[in-house]
Amino acid sequence: MTAAPAPDSALVDLRHVSLTYRVGGEETLALADATLGIAKGEFIAVVGPSGCGKSTLMKLVTGLLPPSSGEVWVRGQKVTGPIKGVGMAFQNATLMPWRTTRDNILLPLEIVEPHKRQFRRKRTEYAERADRLLASVGLGGFGDRYPWQLSGGMQQRSNLCRALIHEPEIMMLDEPFGALDAFTREELWGIMQKLWMERRFTAVLVTHDLREAVYLADTVYVMSRRPGRMVMVKRIDIARPRTLETTFEPHFVDIVHELRERIHQEHA
Amino acid sequence: MTAGTERVLRIAMPWLATAGLLIIWELVCVVCNIPALSSVCSIPEIILPRPTRIFEVILLRWDILLEFCLQTLWTTALGFLIAIAGGLVLGLAIGASPFVYSGLYPLLIAFNAIPKVAIVPILMIWVGVGATPAIITAFVISFFPIVVNVATGLATIEPEMRDVLRSLGATRTEILTKVGIPRAMPYLFASLKVAITLAFIGSVISETVGGNRGIGFLMLSAGARNDAPTTFAGLFAIAVMGVLMYALCALVEKRMTRWAFRGELVT
Ligand SMILES: Nc1ncnc2c1ncn2[C@@H]1O[C@H](COP(=O)(O)OP(=O)(O)OP(=O)(O)O)[C@@H](O)[C@H]1O
Ligand SMILES: [Mg+2]
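So, how was this worked out
- Starting afresh in each chain, residues are numbered from 1 along the sequence in its written order.
- Whichever chain is written first is A, and whichever ligand is written first is 1; the rest continue in order.
- Only residues with pLDDT of at least 70 are given local features in this predicted model, and only at 80 or more are side-chain atom pairs given and counted; all residues enter the totals for whole chains, interfaces and linings.
- Water and hydrogen atoms play no part in the side-chain values, which are based on all heavy atoms of the structure.
- Note on pairing: two strands pair once DSSP finds at least 2 bridges between them.
- Secondary structure counts use DSSP, requiring at least four H or I residues in a row for a helix and at least two E residues in a row for a strand, with both numbered from the N terminus.
- To get an axis, a line is fitted to the C-alpha atoms, and for a helix only the part in contact is used. The angle between two axes follows their N-to-C directions and goes from 0 to 180 degrees.
- Summary of the distance rule: residues count as near a molecule or strand when at least one heavy atom falls within 4 Å of that molecule or strand.
- Nitrogen and oxygen atoms within 3.5 Å of one another constitute a polar contact, given that in protein one can donate a hydrogen and the other can accept it, and given that sequence-neighbouring residues count only through two side-chain atoms.
- When a carboxyl oxygen of Asp or Glu lies within 4 Å of a side-chain nitrogen of Lys or Arg, that pair is called a salt bridge.
- Listed donors are limited to N, O and S atoms within 2.8 Å of the metal, widened to 3.2 Å for Na, K and Ca; water is not among them, so incomplete-looking sites are possible.
- Residue contacts follow a heavy-atom distance rule, with two residues in contact if any of their heavy atoms lie within 4.5 Å.
- Where each domain starts and ends follows an automatic or database-derived domain assignment.
- Two parts placed together each lose some accessible area; with a 1.4 Å probe, that loss summed over both constitutes the buried area.
- Under the scheme applied here, a residue whose accessible area is under 20% of the maximum for its type counts as buried, over 50% as exposed, and between as partly exposed, the area being computed with a 1.4 Å probe on protein chains only.

1. As for the sheet that holds strand β3 (residues 43-47) of chain A
All names here are of chain A.
Now for step 1: The strand order across the open sheet formed by 6 strands is β6-β7-β8-β3-β9-β10, and the pairing between neighbours is mixed. In this open sheet, the two strands that pair with only one neighbour each are β6 (86-89) and β10 (230-235). Averaged over all adjacent pairs, the angle separating strand axes in this sheet is 15°, with direction ignored.
Now for step 2: Both β3 and strand β8 (residues 202-206) contribute to a ladder of 4 bridges, which runs parallel. Residue pairing in the sheet places Ile44 in a bridge with Val204 of β8.

2. Quick word on the site of ligand 1
Residues and elements named next belong to chain A.
Now for step 1: Neighbouring residues of ligand 1: 14 residues in total, closest Ser50, Gly51, Lys54, Ser55 and Thr56.
Now for step 2: Here an oxygen atom of ligand 1 and a side-chain polar atom of Ser55 are 2.7 Å apart.
Now for step 3: Note that an oxygen atom of ligand 1 is positioned 2.5 Å from one of the side-chain N or O atoms of Thr56.
Now for step 4: At the level of elements, β1 (12-23) and α1 (54-61) are the ones that each hand at least two residues to the shell around ligand 1.
Now for step 5: The element that contributes the greatest number of residues to the shell around ligand 1 is α1, accounting for 3 residues.

3. Some words on the pattern of salt bridges
Any two side chains of opposite charge can pair, given that their charged atoms come close.
Now for step 1: Evaluation of the coordinates by the stated rule reveals 29 salt bridges over all chains.
Now for step 2: Salt bridges sharing common partners tie together Asp13, Arg15, Glu71 and Lys78 of chain A.

4. Things to note about the coordination of the magnesium ion (ligand 2)
Now for step 1: For the magnesium ion (ligand 2), the full set of protein donor atoms is Ser55 of chain A (OG) and Gln91 of chain A (OE1), and the range of their distances to it is 2.0 to 2.3 Å. In this pair, Ser55 of chain A sits in helix α1 while Gln91 of chain A sits in the loop between β6 and α2 (101-111), placing the two residues 36 residues apart along the sequence.

5. Observations regarding the environment of Leu48 of chain B
Residues and elements named next belong to chain B.
Now for step 1: Along the chain, Leu48 turns up in the loop between α1 (3-32) and α2 (51-60).
Now for step 2: Put simply, Leu48 and Ala184 are 136 residues apart on the chain and 45 Å apart in space, counted from C-alpha to C-alpha.
Now for step 3: With sequence-adjacent residues up to four places away left out, Leu48 is seen in contact with Trp25, Cys29, Ile43 and Phe232.

6. Side note on the domain arrangement of chain A
Residue and element names in this part refer to chain A.
Now for step 1: For chain A, the assigned domains read domain 1 (1-77 + 172-268) and domain 2 (86-168).
Now for step 2: The gap between the C-alpha centroids of domain 1 and domain 2 is 24 Å.
Now for step 3: Contact with domain 1, which involves 20 residues of that partner, is made by 15 residues of domain 2.
Now for step 4: Between domain 1 and domain 2, the buried area comes to about 1600 Å², and carbon and sulfur atoms account for 64% of it.
Now for step 5: Contact with domain 2 buries surface across domain 1, with Met172, Asp174 and Arg199 losing the most and accounting together for 27% of the total.
Now for step 6: The interface formed by domain 1 and domain 2 includes 1 salt bridge.
Now for step 7: On the surface where domain 1 and domain 2 come into contact, there are 8 residue pairs in polar contact (both at pLDDT 80 or more).

7. A word on unusual backbone geometry
Residues and elements named next belong to chain A.
Now for step 1: Here the residue pair Glu113 and Pro114 is connected by a cis peptide bond, since its omega of 5° sits within 30 degrees of zero.
Now for step 2: Counting through the fold element by element, Pro114 comes out in the loop between α2 and α3 (115-118).
Now for step 3: A cis amide bond links Arg240 to the next residue, Pro241, at an omega of -5°.
Now for step 4: Its location among the elements puts Pro241 in the loop between β10 and α8 (250-267).
Now for step 5: For Asp33, which is not a glycine, the phi torsion comes out positive at approximately 50°.
Now for step 6: Its place among the elements puts Asp33 in strand β2 (residues 26-38).
Now for step 7: You can call Asp33 partly exposed: its relative accessible area is 35%.
Now for step 8: Of note in this structure, Glu175 is not a glycine but carries a positive phi near 45°.

Given below as structure tokens:
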């Protein structure tokens, strides 16, 4: 295995992490011996076959699940419970049906300090921020709608806004563009890249789309079939900002091909 | 059928059905009591009075009926309100904590299995006759469905929803107030419709066993005098109050938890 060099300065550091789900008497080894380091400000993408443990990996990094073995370190501290300062967009948009879309997006500000303290006082300011964010993903004017009045793709975009609003240091994105059409998706790649270049948060993106992974990430990790292992690490040495034109350049296409080959081996 | 007539018909249906039932009842009583048929059948008024006779009694004795209705209504409503407050608190506690759940749930079930008629005499020893045992009986009988529903609402929170809050660093209290309580609200309001009718049963039982006022007492004393029309008038009064309170609860439910119906039921 070509393990990623885990620098001492790594913000997120997974050391031989594995996870077994136990439901009743049944055991599922979802993730096996994952070792990887993510530097501060790095954008990584994780690709792999369905059910290989990508969502599980996300939950391990954020401390939502305790590893069965191995250790997870974030900011030099061992993770024992949910860590703070994370923006998380789950695979299925978990918006609250009793809140309007705007109030859903404001949720992190009601919980995360220092916004929590100022929430009442700065409410209108925050609401404007939410509306601006909504507009940037093409949902301007939808703040007053309820999530169940939105389409699946619109819900996913709102979900993304909720992960971004409190400007977290670490972003966990679990197939955030999964339910979107190709055009909107490519548009959001651009928005995501712009946001990342402005704020330089550390991001983990799970995706099925290899072009998306190469477009957005500094490093792409390929996982094997269940139980998931890291079988390949690919640094993407393409200068930013990357554009849709970039995705047609030979070097970009070559990288996508290389990744695809490796994943095909998994399906063989 | 056009949409307009269909809507009118849908609103008219419950009234038509009620009227139909009363007419059939009236006809059966009238036909069976025709003197020529007396060898075949007869329904004496003391067994089943005609609806028109019942309405006559209602008009004749409306002052006492109204007074006793209000008595039953306020004891029921008070017991019901206490049940909502208590049920909400206990339901939240049970739903939020596995320890409280495993400790109290069997006890609650055991308590719910006790016929409430059995506790009224005990209550009377403790607090005497009158309004207090009626309030308490209405409370204990309507308490259980509220607790169970609120606890169910909390226990069935989607794990993903909880994870969203946990990953933001929310405390347990925050998870409870931001997800738990809103999530439990539709369950609470759904249970209120059941609970209010149960509360009526509770207060009337108590008035029947040991009251000196209220519809239950009225029915019992009328029954003792073989005054069947008055007993039935009491029954009608309870039914009407039950339906009205149910409708009130249903209205509150619709208002408070529009999201749970995804807007569909809001017409
Ligand atoms: N809560 C759970 N209980 C039991 N098994 C689970 C649970 N969650 C996931 N699994 C199992 O763990 C394995 C990995 O699941 P995971 O959700 O991490 O896959 P994934 O890589 O995100 O897949 P996809 O690309 O389809 O989203 C799967 O085989 C799944 O059946
Ligand atoms: Mg997944």
